[in-house]
Structures are given as C-alpha cells and as structure tokens.
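Structure assessment
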Amino acid sequence: MVDEILALKRNKTYTLVKLPPRRTAIGCKWVDPKLISHYTVALNAKYALKDLGDLHFFLGIKVTSTSGGLHLSQAKCIRDLLHKAKMDEAKPSNTPMVSGLKLSAYGSSLVDNPHMYKSIVRVLQYLVITRLEISFSVNKVCQLMANPLQSHWHVVKRILRYLSGTIDYGIHLIKLDHLDLTAFCDADWATDLDDKCSNSGFTIFFGCNLIAWQCNKQHIVSRSSTEAEF
C-alpha cells in the first residue's frame, strides 16, 4: 500500500490533504486489478458470465475509442429514423431550425398522421443525448405534440434534414488535464406566441467535456428579460 501512495504523490494523481477538524472519513479502498480478476473467475465458476470486452455499443449509442478519449454517436438511430420518415435521400439542411422562427398552436391544418409525428419527435428526444445542437429545436416541437399541425411537421422535417447531413456527429469525451466545473445558461423572453412564456437552457462542462444540458419552457410568464434570465 505504501508503494501505491507514493505513486499517487509522484504522478500527482490526487492532492492528499489533512482531514478538516470535526470531520470523519467515510472510507477509502484500494482495488487491486488482480483481485478483480480473482472475483471474475470465482463468479464465472458459479454463474454463466461473458466478458464483453471494451464498450462499443450501448442503448443505441456507438462508442468509439480515439487517441484522445471516446466518441459517442447515434448514427444508426438517425438512419433508422430517416428511413421511418421516408427521408433517406432528403436534401441536407445547414441548420436544424430557421433562425427566429416562432411556432404557434394555431394557424395551420392538422397533420395527416399525428401518431407518426409523435413517434418521430420521441426519437428526436432520445437523440439529444449526443446531439446538443438540436435540443432547442426538439424542445419546440415537443411542446406541440398534443395537437400537431402541418407547420409543426415542416419544422420536424427540417430537423431530420439537418440530421441527414450530420449523421456521424456526436460528443467527443477527451482526457482531462484540469477538473474545472463550468456552467452556462441563457434564456429568451416571451417568445411563445400563445402564452408568452420564455424558454431557458443551460450547459455544464467538466473540464472541456460537456456532461449535462437542458432546454425547457418556463412555467410562468416573466415580466422582463431580466426576470426570464433568473
């Protein structure tokens, strides 16, 4: 154990400090890789185990190891979604939504297949796991799932056209050289045409890796842009 502690200090893996006054340590354990192998063999003797090796695919997310970290993408899910919407050969769009577009629950005819609309939008919600840039657009069309109109369907098709040209895009998680936690947030003001509610969003970075984000509609009407921000 002494050798391991010296290695931690030498490599500057952790900064060891004294326990603060009136504080109790919960516990600390050193896990030996040989011990993990021992328990794996023991469990395999009693139960049917299978070593799957390195992670490559999990819940529709493709994991690719790179020289600097891991790349996460949902290319297969996007291709299946485009095929479902019969947009395999759709002309790609440069952006997921027209800048400044405001949607309303009125002013257009109903979609021919509301079930198809809702089904596709639900998959788009899942794609936000690795595609942050469509979260705002997807949030907008999700707000209108109760009574989807043709104008809403055109917006969904624009998102699909954008995805068709960026199928292999995803999140690249890289090895960190610092452990800073940074957050950004923003909000518009009274952009909903029907109830004048605002939309807000945030992103959280661990080092330079994006680890959490969200975009949603506020529940109350803000009386100023300052109130919408806070």
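Everything below is about the structure printed above this text.
Residues numbered from 1 in each chain as written. Predicted model: local features only at pLDDT ≥ 70, side-chain atom pairs only at ≥ 80, totals over all residues. Heavy atoms only, no water.

Concerning the overall build of the protein
Within the protein, the regular secondary structure consists of seven helices and seven strands. Scanning the protein from its N terminus toward the C terminus, one meets helices and strands in the order α-α-β-β-β-α-α-α-α-β-β-β-β-α. With 230 residues in all, the protein has 30% of them scored as buried. Expressed as a percentage of contacts within the protein between residues at least 6 apart in sequence, the contacts between residues at least 24 apart total 68%. (Helix = DSSP H or I, 4+ residues; strand = E, 2+ residues; numbered from the N terminus. Buried < 20%, exposed > 50% of the residue type's maximum accessible area, 1.4 Å probe, protein only. Contact = heavy atoms within 4.5 Å.)

Concerning the packing of helix α5 (residues 135-142) against helix α6 (residues 150-164)
Pairs of packed helices are described in terms of their axes, by the angle between the two and the distance that separates them. The contact between α5 and α6 brings their axes to 10 Å, and the two run at 155 degrees. Taken together, the axes of α5 and α6 are roughly antiparallel relative to one another. Crossing of α5 against α6: the hand is left-handed. Here α5 contributes Ser137, Val138 and Val141 to the contact with α6, which in turn contributes His152, Val155, Val156 and Ile159. Residues that form the contact of α5 with α6 fall into these classes: five nonpolar, two polar and no charged. (Axes fitted to C-alpha atoms, helices over the stretch in contact; angles between N-to-C directions. Parallel < 35°, antiparallel > 145°, perpendicular 65-115°, else oblique. Left-handed = near helix turned anticlockwise from the far one by under 90°. Nonpolar A, V, L, I, M, F, W, Y, C, P; charged D, E, K, R; others polar.)

Here we look at the packing of aromatic side chains
In this structure the tally under the stated criterion is two aromatic pairs. Between tyrosine 117 and tryptophan 153, the ring centres sit 6.4 Å apart and the planes meet at 55 degrees, which makes this aromatic pair tilted. A residue pair is termed long-range when its members are at least 10 positions apart, and tyrosine 117 in helix α4 (residues 114-127) and tryptophan 153 in helix α6 qualify at 36 residues. The exposure class of tyrosine 117 is buried, given its relative accessible area of 1%. Residue tryptophan 153 is classed as buried on the basis of its relative accessible area, which comes to 17%. (Phe/Tyr/Trp six-rings, centres within 6.5 Å; stacked < 30°, edge-to-face > 60°.)

Describing α5
Burial analysis of α5 places seven of its eight residues in the buried class, which makes it a mostly covered element. For α5, the set of buried residues is Ser135, Ser137, Val138, Asn139, Lys140, Val141 and Cys142. Elements that come into contact with the buried residues of α5 comprise α4, α6, β6 (199-206) and β7 (209-217).

Regarding the pairing of β7
Pairing analysis gives eight bridges linking β6 to β7, with the strands arranged antiparallel. Residue phenylalanine 206 lies in a different strand from β7, and its bridge partner there is asparagine 209. The turn joining β6 and β7, which pair antiparallel and follow one another in sequence, is formed by two residues; a positive phi near 70 degrees is taken by glycine 207. (Pairing = 2+ DSSP bridges.)

Focus: the nonpolar core
In this structure, Tyr117, Ile120, Leu124, Leu127, Val156, Leu160 and Leu163 are the most contacted members of the largest nonpolar core, which totals 33 residues. Secondary-structure elements contributing two or more residues to this core are α3 (75-84), α4, α5, α6 and β7. Sort the elements by how many residues they give to this core and α6 lands first, with seven residues. Not counting residues up to four positions away in its chain, the partners in contact with leucine 163 are Ile78, Leu124, Leu127, Arg131 and Ile134. (Core = buried A, V, L, I, M, F, W, Y, C linked by side-chain atoms within 4.5 Å.)

A look at the sheet that holds β6
Read across the open sheet, the three strands follow the order β5-β6-β7; overall the sheet is antiparallel. In this open sheet, the two strands that pair with only one neighbour each are β5 (181-187) and β7. Averaged over all neighbouring strand pairs, the angle between strand axes comes to 10 degrees, with direction disregarded. Pairing of β5 with β6 involves seven bridges; the strand directions are antiparallel. Bridge assignment links phenylalanine 184 to a residue of β6, and that residue is threonine 203. Along the sheet, α5 contacts β6 and β7; its crossing angle with β7, the most-contacted strand, is approximately 30 degrees.

A look at the sheet that holds strand β2 (residues 61-65)
Spatially, four strands are ordered β1-β2-β3-β4 in an open sheet, and the strand pairing comes out antiparallel. The open sheet has two edge strands with one neighbour each: β1 (57-58) and β4 (170-174). Here two bridges tie β1 to β2, and the two strands are oriented antiparallel to one another. Bridged to phenylalanine 58 within β2 is isoleucine 61.

None of the figures reported here should be taken as evidence of function without further support.
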